[in-house]
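# Descriptive structure summary
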Amino acid sequence: MPDRIEFPKSIGFIGCGNMAGAMLSGWLDAGLPKDRVTIISPNSKTGPGDIAVERNWPEGRPLPEWLVLGVKPQKLAEVADWVRPLVRPDTVVMSILAGVTHGSLKARFPEAKAIVRVMPNMAVSIGKSVSTGYMPQGSDADIQAQTTALMEQLGQFYWLDSESDMHAATALAGSGPAFLFRFIDALSKGAEANGIAPEQARQMALAMVEGAAQLAAMSEFDPGTLADKVASPGGVTRAGLNVLDQDEALAQLLTETLRAATERDAEMAQEFS
Ligand SMILES: NC(=O)C1=CN([C@@H]2O[C@H](COP(=O)(O)OP(=O)(O)OC[C@H]3O[C@@H](n4cnc5c(N)ncnc54)[C@H](O)[C@@H]3O)[C@@H](O)[C@H]2O)C=CC1
Ligand SMILES: O=C(O)[C@@H]1CCC=N1
């Protein structure tokens, strides 16, 4: 468990859907007091922790110290015009938007004290994300430290030196859970095809992945070595690994998967910045 931190006195969320909502849940669990949070979003009535969702910044409420941008990248242009007045010289803007560059955010919110990009994943809600962050060199060290502290409440956190690395980091750590969910689904369907009842196949596939991931995380051996430890010569596992390893089928598939996601993130940087 990370140390308990001093949360900002006030945090606003512009958009609080799947991802920003999961971050907020994680922070509430980590001790962020609800009364420091303001959520603005057009659709729902309440957000995580039953916090009321507002349509506009509530009249008379002091502007937030930190403002988390949680809308889709496609919405940024539309949202920026009315969000700009909420951003003052003492506001830190945290963006979770895929692709959208620091420079573009700076151009939209020139008054901000600092702009920080972070790329979380959905496991923030259980404190198990692996997230990355980017701020240009020479950025305010205190803000960087506060960002680290905030993000470490949600799992592991790594700063990237180069913003362009955010593309590959987003593909691996941001999108990665979706790839793994597909993998679990495929394992489950494979077991079904071999006669295991669907619900049991799903539960077994999930439990196996959870156990294997924890074991790999705790092990002194790297995953490649662990795979070989499971496989007896001429045995069951080797027969399966031969399929995955034939012409490096799985390695190639995942390389292509990550390349496609990385390239899309770079494209989005052009489209939405
Ligand atoms: N879903 C994920 O696993 C991850 C998503 N992200 C980023 O998080 C951002 C949000 O993605 P999701 O949470 O998946 O989408 P989402 O659709 O669940 O959330 C977007 C939220 O923005 C709200 N919204 C729409 N128009 C708005 C407006 N004009 N003003 C205020 N709020 C508005 C929506 O009502 C919704 O609650 C994206 O920029 C995405 O790149 C980053 C990492 C992982
Ligand atoms: O799919 C997306 O664009 C976002 C970024 C990473 C996860 N979801």
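Rules of the game
Residues numbered from 1 in each chain as written. Chains lettered and ligands numbered in written order. Predicted model: local features only at pLDDT ≥ 70, side-chain atom pairs only at ≥ 80, totals over all residues. Heavy atoms only, no water. UniProt positions renumbered as here; feature names shortened; annotations may be inferred. Near = heavy atom within 4 Å. Areas by Shrake-Rupley, 256 points an atom, 1.4 Å probe, with all protein chains shown as cover. Nonpolar A, V, L, I, M, F, W, Y, C, P; charged D, E, K, R; others polar. Salt bridge = Lys/Arg side-chain N within 4 Å of Asp/Glu carboxyl O. Buried < 20%, exposed > 50% of the residue type's maximum accessible area, 1.4 Å probe, protein only. Helix = DSSP H or I, 4+ residues; strand = E, 2+ residues; numbered from the N terminus. Contact = heavy atoms within 4.5 Å. Polar contact = N/O pair within 3.5 Å; in protein donor to acceptor, adjacent residues only side chain to side chain. Axes fitted to C-alpha atoms, helices over the stretch in contact; angles between N-to-C directions. Parallel < 35°, antiparallel > 145°, perpendicular 65-115°, else oblique. Left-handed = near helix turned anticlockwise from the far one by under 90°. Pairing = 2+ DSSP bridges.

The protein is annotated in an unreviewed UniProt entry as Pyrroline-5-carboxylate reductase from Alterisphingorhabdus coralli. Looking at the protein in UniProt, the text filed under Subcellular location (unreviewed entry) is "Cytoplasm". In its Function (unreviewed entry) section, UniProt records this for the protein: "Catalyzes the reduction of 1-pyrroline-5-carboxylate (PCA) to L-proline."

What follows is about the site of ligand 2. Around ligand 2 lies a shell formed by Ala-98, Thr-170, Gly-174 and Ser-175. Within the complex, the protein chains bury 49% of what would otherwise be the 250 Å² of accessible surface of ligand 2. Split by residue class, the shell around ligand 2 holds 1 nonpolar, 3 polar and no charged.

Attention now moves to the pattern of salt bridges. Under the counting rule described, the total for this entry stands at 10 salt bridges. The residue Arg-84 makes a salt bridge to Asp-81 at a minimum N-O spacing of 3.4 Å. On the basis of relative accessibility, which here comes to 32%, the residue Arg-84 falls in the partly exposed class. Taking relative accessible area as the criterion, Asp-81 reaches 52% and is therefore assigned exposed. Of the charged contacts, one joins Arg-264 and Glu-271 as a salt bridge, the two residues approaching to 2.7 Å between their closest N and O atoms.

Here we take up the side chain of Ser-104. Summarising the element assignment, Ser-104 is placed in helix 3 (residues 102–108). What Ser-104 contacts, discounting residues up to four positions off in sequence, is Leu-76, Phe-272 and Ser-273.

Near ligand 1 there are 23 residues, and of these Asn-18, Met-19, Asn-43, Val-71 and Ala-98 occur at the shortest range. In the environment of ligand 1, a nitrogen atom lies 3.5 Å from a nitrogen or oxygen atom belonging to the backbone of Gly-15. At a separation of 3.0 Å, an oxygen atom of ligand 1 approaches a polar side-chain atom of Asn-43. Out of a free accessible area of 820 Å², ligand 1 has 81% covered by protein chains. For the shell around ligand 1, the secondary-structure elements that each account for two or more residues are helix 1 (18–29) and helix 2 (76–83). If one sorts the elements of the shell around ligand 1 by residue count, helix 2 sits on top with 3 residues. Across the shell around ligand 1, the residue classes break down as 14 nonpolar, 6 polar and 3 charged.

Before going further, it helps to examine the UniProt feature "binding site: NADP(+)" (unreviewed entry) in the protein. Taking the UniProt record as the reference, the feature "binding site: NADP(+)" (unreviewed entry) is found at Ile-14, Gly-15, Cys-16, Gly-17, Asn-18 and Met-19. Within the element layout of this structure, Ile-14 appears in strand 1 (residues 11–14). Once you skip the residues sitting within four places of it in the chain, Ile-14 turns out to touch Ile-40, Leu-67, Val-68, Leu-69, Gly-70, Val-71, Val-79, Trp-82, Val-83 and Leu-86. Structurally, Cys-16 can be placed in the loop between strand 1 and helix 1. Among the residues examined, Cys-16 registers a relative accessible area of 15% and is labelled buried. With residues up to four places along the chain from it excluded, the contact list for Cys-16 reads Gly-21, Leu-24, Ile-39, Ser-41 and Pro-48.

The next subject is the packing of helix 6 (residues 176–193) against helix 7 (residues 198–218). Look at helix 6 against helix 7: their axes get within 8 Å of each other, and the N-to-C directions meet at 135°. Compared by their axis directions, helix 6 and helix 7 come out oblique. Every pair of crossing elements has a handedness; the one defined by helix 6 and helix 7 is right-handed. Each of Leu-180, Ile-184, Leu-187, Ser-188, Ala-191 and Glu-192 in helix 6 lies in contact with helix 7, whose residues at this interface are Pro-198, Ala-201, Arg-202, Ala-205, Leu-206, Met-208 and Val-209.

Taking strand neighbours across the sheet as the criterion, the 8 strands line up as 3-2-1-4-5-6-7-8 in an open arrangement whose pairing is mixed. In this open sheet, the two edge strands, each paired with only one partner strand, are strand 3 (53–54) and strand 8 (155–159). The pairing of strand 1 with strand 2 (residues 37–40) spans 4 bridges and is parallel. Across the sheet, the residue bridging to Ile-14 is Ile-40, located in strand 2. Contacts from helix 1 reach strand 1, strand 2, strand 4 (66–69), strand 5 (92–95) and strand 6 (114–119) within the one sheet, and its direction differs from that of strand 1 by about 160°.

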